Amino acid sequence: MATLVYTHSDFFGHMTPPGHPEQVARLGAVERGLAGLAVERREAPLAEESEVLRCHPAGYLARVKAEVPVEGWGQLDGDTYLAPRSLVAALRGVGGCAAAVDAVLRGEAKNAFVAGRPPGHHAETAKAMGFCLFGNVAIAAKRALDRHGLARVAIVDFDVHHGNGTQDLLWDEARCLFASTHQMPLYPGSGAESERGAHGQIVNVPLRAGSGSAVMRAAYEARVFPALEAFGPELILISAGFDAHADDPLAGLEWEADDYAWLTGRLCDIADAHAGGRIVSTLEGGYDLQALEACVAAHVGVLEERGR
């Protein structure tokens with residue numbers, strides 16, 4: 001079996017203003033990172049609105065739709081923009097994650113990567129934030145739980161920014177473990193260790209700027225991996241942000257591409273032990289284009305190797 005990669009040309013339609021870090025050029029970097037890997041490419045389908053409503057209220061979806069401009073840009077918050085094709089791109093992101101979950105749970109592949117944009121992990125229940133419109137990974141988790149009948153789904157978010165949206169959307173969801181490592185202090189300001197969810201199912205591991213690879217690996221070994229092992233997930237979802245890389249302009253955790261390969265391999269070990277190897281990963285941050293290319297190659301390269 002080959003690792004599945006979900007993409008679509010509609011992801012290029014989400015345009016942001018000049019100088020915005022979440023730019024179309026990120027997709028080119030992702031494609032260069034995927035070059036040469038033995039993956040199976042599939043088109044990300046357009047999600048039905050009902051899929052968005054697994055996590056977001058209808059009123060919020062209506063507000064997003066109302067803000068989509070005919071030309072130029074609309075703006076949902078200080079750094080979250082809408083272009084005329086942004087809603088279509090966002091629905092492809094939700095649809096790609098849903099299709100990846102379906103395919104992996106049907107046994108068509110052990111793992112999958114959704115190479116889409118805009119990202120999703122900052123989108124709260126009724127609030128767009130941090131470049132994000134819809135909570136892609138949280139919606140995917142709810143699909144796995146409610147449509148496929150899984151009892152335990154884990155999400156690991158290694159983006160440098162805390163996944164406040166995923167946490168908000170799944171705060172009351174006992175069937176989903178959410179584990180996040182992130183730089184603190186840093187946008188969006190959430191993610192303290194004391195934020196544990198309504199059922200103690202949220203594990204936040206804040207890291208200091210400049211702490212580097214060794215501290216990150218020790219934190220995963222001490223906090224995240226034991227929580228995953230104890231939870232015994234039937235599926236692991238990954239919010240794959242690559243902005244903790246040393247070259248990224250938005251933060252300073254000083255990770256390297258090898259760290260993403262190591263982390264992906266360890267998550268594959270846990271998935272092999274508890275979930276039949278089943279992993280679905282979706283792109284979040286990563287804003288230095290060369291670093292993004294290297295990190296995608298490292299991350300998906302391990303998924304491809306372990307998914308054979």
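Everything numeric in this text was worked out from a predicted model, so none of it was measured. (Residues numbered from 1 in each chain as written. Predicted model: local features only at pLDDT ≥ 70, side-chain atom pairs only at ≥ 80, totals over all residues. Heavy atoms only, no water.)

*Asks:* Would you explain the environment of alanine 109 in this entry?
*Replies:* Relative to the assigned elements, alanine 109 resides in the loop between α4 (86–105) and β5 (111–114). With 33 residues separating them along the chain, alanine 109 and leucine 76 place their C-alpha atoms 37 Å apart. With near-sequence residues (within four places) excluded, alanine 109 lies in contact with Met1, Ala2, Leu4, Ala103 and Val104. (Helix = DSSP H or I, 4+ residues; strand = E, 2+ residues; numbered from the N terminus. Contact = heavy atoms within 4.5 Å.)

*Asks:* Please explain the packing of α4 against helix α5 (residues 136–146) as it appears in this structure.
*Replies:* To describe two helices that pack against each other, one gives the angle between their axes and the distance between the axes. At a closest axis distance of 9 Å, the pairing of α4 and α5 adopts a crossing angle of 35°. When the axes of α4 and α5 are compared, the crossing they make is right-handed. Only Asn136, Ile139, Ala140, Arg143 and Ala144 of α5 make contact with α4, whose side of the interface consists of Ala90, Gly93, Val94, Cys97, Ala98, Val101, Asp102 and Leu105. (Axes fitted to C-alpha atoms, helices over the stretch in contact; angles between N-to-C directions. Left-handed = near helix turned anticlockwise from the far one by under 90°.)

*Asks:* Is there a simple way to explain α4 in this structure?
*Replies:* In an α-helix, one turn spans 3.6 residues, which is why side chains three or four residues apart end up on the same side. Counted at 1.5 Å a residue, the expected span for α4 with its 20 residues is 28 Å, and the 29 Å between its end C-alpha atoms agrees. Along α4, 19 of the 20 residues are buried, which leaves the element largely enclosed by surrounding structure. Residue glycine 107 follows α4 closely and has a positive phi angle near 85°. (Expected span 1.5 Å × (residues − 1). Buried < 20%, exposed > 50% of the residue type's maximum accessible area, 1.4 Å probe, protein only.)

*Asks:* Explanation requested: the side chain of threonine 181 in the structure shown.
*Replies:* Topologically, threonine 181 is positioned in strand β7 (residues 176–183). Within the structure, the side chain of threonine 181 is placed 2.6 Å from the side chain of tyrosine 220, a separation counted as a polar contact. Sequence-distant contacts of threonine 181, defined by excluding residues within four places in its chain, comprise Asp157, Phe158, Asp159, Val205, Leu207, Tyr220, Val224 and Trp255. (Polar contact = N/O pair within 3.5 Å; in protein donor to acceptor, adjacent residues only side chain to side chain.)

*Asks:* Honestly, the pairing of strand β6 (residues 153–157) in this entry has me stumped. Any pointers?
*Replies:* Each regular strand carries side chains that alternate between the two faces of the sheet. In terms of burial, β6 is a largely internal element, five of the five residues being buried. Neither face of β6 is left uncovered, since the one carrying Val153, Ile155 and Asp157 and the one carrying Ala154 and Val156 both have all their residues buried. Examined bridge by bridge, β6 and β7 share five bridges and lie parallel to one another. Looking at the pairing, valine 153 lines up with cysteine 176 of β7. Where the polypeptide runs from β6 across helix α6 (residues 164–169) and back to β7, its parallel neighbour, the crossover connection is right-handed. Two strands pair when backbone bridges link them, and β6 and strand β9 (residues 235–240) are joined in this way by five bridges, in the parallel orientation. Across the sheet, residue valine 153 finds its bridge partner in β9, namely leucine 235. (Pairing = 2+ DSSP bridges. Right-handed = clockwise from strand over helix to strand, strands pointing away.)

*Asks:* Explanation requested: the packing of aromatic side chains in the structure shown.
*Replies:* Think of a pair of aromatic rings as described by two things: how far the centres are apart, and how the planes are tilted against each other in angle. Under the criterion given, the structure shown has eight aromatic pairs. Look at phenylalanine 131 and tyrosine 287: their rings are 5.7 Å apart centre to centre, the planes differ by 85°, and that puts the pair in the edge-to-face class. One end of the pair, phenylalanine 131, is in the loop between β5 and α5; the other, tyrosine 287, is in the loop between β10 (279–283) and α9 (289–306), and 156 residues separate them in sequence. Between the aromatic rings of phenylalanine 158 and tyrosine 260, the centroid separation amounts to 5.5 Å while the plane-to-plane angle is 55°, which identifies the pairing as tilted. Highlighted residues: phenylalanine 158 in the loop between β6 and α6 and tyrosine 260 in helix α8 (residues 257–274), separated in sequence by 102 residues. Judged by its relative accessible area of 0%, tyrosine 260 falls in the buried class. (Phe/Tyr/Trp six-rings, centres within 6.5 Å; stacked < 30°, edge-to-face > 60°.)

*Asks:* Even after reading the chapter, I still don't get the packing of helix α7 (residues 212–231) against α8, so can you show me in this structure?
*Replies:* Two elements in contact, α7 and α8, have axes separated by 12 Å at closest approach and are oriented at 15°. Accordingly, the angle class assigned to the pair α7 and α8 is roughly parallel. Crossing hand, α7 versus α8: right-handed. Every residue of α8 that contacts α7 at Ser213, Met216, Arg217, Tyr220, Glu221, Phe225, Leu228 and Glu229 is listed here: Asp258, Asp259, Trp262, Leu263, Arg266, Leu267, Ile270 and His274. For the contact of α7 with α8, the class distribution of residues is eight nonpolar, two polar and six charged. (Parallel < 35°, antiparallel > 145°, perpendicular 65-115°, else oblique. Nonpolar A, V, L, I, M, F, W, Y, C, P; charged D, E, K, R; others polar.)

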